[in-house]
Amino acid sequence: MKQLVMILLIVQFALGQQTQEGVPYSQIHGLSNSYHTITLPQIKQDELLEEDTFREMGTPYRYGFKHEGSYSPENSGYWDETADGGIMWQIRFTSKGAYAISFEYEEFYMPRGSELYIYTPDYEMIHGAYTDFNNTETQRFATPLIKGDTAIIEYYQPAGVEGQFSLNIIEIIHDYRDIMNFFDDQRDWECGVNVICETDESYQGAINSVAFLDMGGFICSGAMVNNVRQDLTPYFLTAFHCVDGDNPSTFRFYFNKEASSCENTWSSLGAYAYSSDLVADSDGINGGDWALLLIDDDIEEDWEVFYAGWDATENHPLISCGVHHPGGSGKKINYDDDTAYGDWWNGEDAGDPGVLTHWQINWDEGGSEGGSSGSPVFNERFQIVGVLTGGAGECGEGWPDLYGKFSLGWDWEMETYRRMIDWLDPDYTGAMVIDGTYVEVTGLNGDLNSDDAVNILDIIALANLILGAPPTN
């Protein structure tokens, strides 16, 4: 019974990262409040941009400066009693010159029935309501970028709600690049073709597997991947250098950040999935550069996410395309029709000199840019064969991109349960190649339909995946 209770708690934590319907109490009641305003130190944008020009290859693309601090309801902000007998806490942050601001929290806990919002002073943009559904075991949380250089955080707890609200704001991210293009500056990103221009059905699965990954201050790309059980477990493949030293529980995954026309450089964000766990990775060993995340949030059916297939063999692949988010732009596609050949990322000294760790690709059309890191490259059967470590950048024509081999992370001299095989083929069937899918093909322990009762062993297997424990066989 104790184990069943624990499993049910895990499932509760795993679901419900999305916001709930709601409106800030202050907006409903037309309150004119005097906020406790935290004015953050002025950043030196020109110096940051200059630093970025010397960004080392194989590192994630920075868009934000992180103001670190410790702001909680105990030491900052104002508390008020509300007319209905509840309580409200508000605080305002200003980071002068920011295109947008976002927040990361620890010690995050919401009592059931309470609500949290983040909004602009004119309520033009509102994030929330965040509720007890957003509580996690780690008590870490993050909220997305909100337009402009001033943001207000508001907590409302109605009368009769029990429990102690808690949060500690530890990072305020100042977006100095307008990475979400809130101000529509029509940047010219020609690094690949807007995916809306590609109408051939054979490319659509590859396109619909890829997401824009916002790690908070840095961005990468990556893709959902299928597993041999084909049960739509939300595994997300990206580069290790994108997650190294960061906290995946605060990551956001945008699957439909796409331009609305071939010529348009602006792209809408759409919904996103929030939070993940790092279940397997290369840890930079022997020149490898891959990471497998398990997304904690629901992947909604109407997002039309494709779970891409893969080829874990060491055969030299014939390349079809690569899909990515260069510079944080809308989703782009590159094209090729040549066979890739092996290479090292940093030369033979980076790892075992007998192992070529990467596929080198010279694109016929397209290239890579900061933000493309972690994106997949597909063979002619539209199966993933590698993830991008880096390349020439600036979409340099004639210069190669280097993709860490998918096969290198499969079962090669890694600690058990840190390899991809342990998660993508947990029954160790010996499969080395699978296709992708939009829909569940089999259940966790065999064929299931909507009339089948959920087997408790399947719930345990899911719980193990969420906790990062070995799968049950």
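As shown above, the structure is provided for reference.
Residues numbered from 1 in each chain as written. Predicted model: local features only at pLDDT ≥ 70, side-chain atom pairs only at ≥ 80, totals over all residues. Heavy atoms only, no water.

Caption draft 1: Local environment of the state of the cysteines. This structure, assessed with the given rule, holds 2 disulfides. With a sulfur-sulfur separation of 2.2 Å, C197 is cross-linked through a disulfide to C262. Note that C197 is positioned in the loop between β12 (193-194) and α4 (204-209) and C262 in the loop between β17 (258-259) and β18 (267-268), a separation of 65 residues in sequence. The class for C197 is partly exposed, based on a relative accessible area of 26%. In this structure C262 comes out as partly exposed when scored by relative accessible area, which is 41%. A disulfide bridge connects C220 with C242, and the sulfur atoms are separated by 2.1 Å. Taking the torsion about the S-S bond as the criterion, the C220 to C242 disulfide, at about -90 degrees, is left-handed. Of the two residues, C220 sits in strand β14 (residues 218-225) while C242 sits in helix α5 (residues 240-243), which places them 22 residues apart along the sequence. (Disulfide = S-S within 2.5 Å. Helix = DSSP H or I, 4+ residues; strand = E, 2+ residues; numbered from the N terminus. Buried < 20%, exposed > 50% of the residue type's maximum accessible area, 1.4 Å probe, protein only.)

Caption draft 2: View of the nonpolar core. In terms of nonpolar packing, the biggest core is built from 39 residues, with F93, F103, Y105, L116, I118, I153 and I169 touching the most fellow members. Breaking this core down by element, the ones donating at least two residues are β5 (87-94), β6 (100-109), β7 (115-119), β9 (141-147), β10 (150-157), β11 (166-175) and β19 (272-274). Formed by 34 residues, the second largest nonpolar core is a distinct cluster that contains Y203, V210, F382 and M420. (Core = buried A, V, L, I, M, F, W, Y, C linked by side-chain atoms within 4.5 Å.)

Caption draft 3: View of the side chain of D175. Secondary-structure assignment places D175 in strand β11. Although D175 is buried, it makes no salt bridge; R177 carries the closest opposite charge, 7.0 Å away. Every residue in contact with D175, bar those within four places of it in the chain, is listed here: Y63, G64, A98, Y99, A100, L145 and M180. (Lys, Arg positive; Asp, Glu negative; His and termini not counted. Salt bridge = Lys/Arg side-chain N within 4 Å of Asp/Glu carboxyl O. Contact = heavy atoms within 4.5 Å.)

Caption draft 4: Geometry of the sheet that holds β6. Spatial strand order, β3-β11-β6-β9: 4 strands in an open sheet with antiparallel pairing. The sheet terminates laterally at β3 (64-71) and β9, the two strands that pair on one side only. Between one strand and the next, the sheet's axes are offset by a mean angle of 20 degrees, whatever the strand orientation. By the bridge criterion, 5 bridges tie β6 to β9 in an arrangement that is antiparallel. Bridging across to β9, F103 finds its partner in T143. (Pairing = 2+ DSSP bridges. Axes fitted to C-alpha atoms, helices over the stretch in contact; angles between N-to-C directions.)

Caption draft 5: Representation of the pattern of salt bridges. Enumeration according to the criterion identifies 14 salt bridges in this entry. Residues R62 and D52 are paired through a salt bridge, measuring 2.9 Å at the closest nitrogen-oxygen approach. Taken together, the residues span a long stretch of sequence, with R62 in strand β2 (residues 61-62) and D52 in helix α3 (residues 45-53) at a distance of 10 residues. Residue classification places R62 among the buried positions, given a relative accessible area of 18%. For D52, a relative accessible area of 14% gives the class buried. In this structure, D52 engages R177 in a salt bridge whose closest nitrogen and oxygen atoms are separated by 2.9 Å. Here the residue D52 occupies a position in helix α3, and R177 occupies one in the loop between β11 and β12, the gap between them amounting to 125 residues. Members of the salt-bridge network, linked through shared partners, are E51, D52, R62 and R177.

Caption draft 6: Examining unusual backbone geometry more closely. A cis amide bond links G128 to the next residue, A129, at an omega of 10 degrees. Among the structural elements, A129 can be located in strand β8 (residues 126-130). Located in the positive-phi region is Q139, a residue other than glycine, with phi close to 60 degrees. Of note, S275 is a non-glycine position whose phi angle comes to about 80 degrees, a positive value.

Caption draft 7: Structural detail: the environment of S249. Mapped onto the fold, S249 is located in the loop between α5 and β16 (252-254). The contact partners of S249, leaving out residues within four places of it in the chain, are T138, R140, Y274, S275 and S276.

Caption draft 8: Representation of the environment of F378 in the model. Take F378: it is sitting in strand β27 (residues 376-379). Considered as a pair, F378 and C321 are 57 residues apart in the sequence and their alpha carbons are 5.5 Å apart. Among all residues touching F378, those that are not within four sequence positions of it are A206, S209, A308, L318, I319, S320, C321, V323, Q383 and I384.

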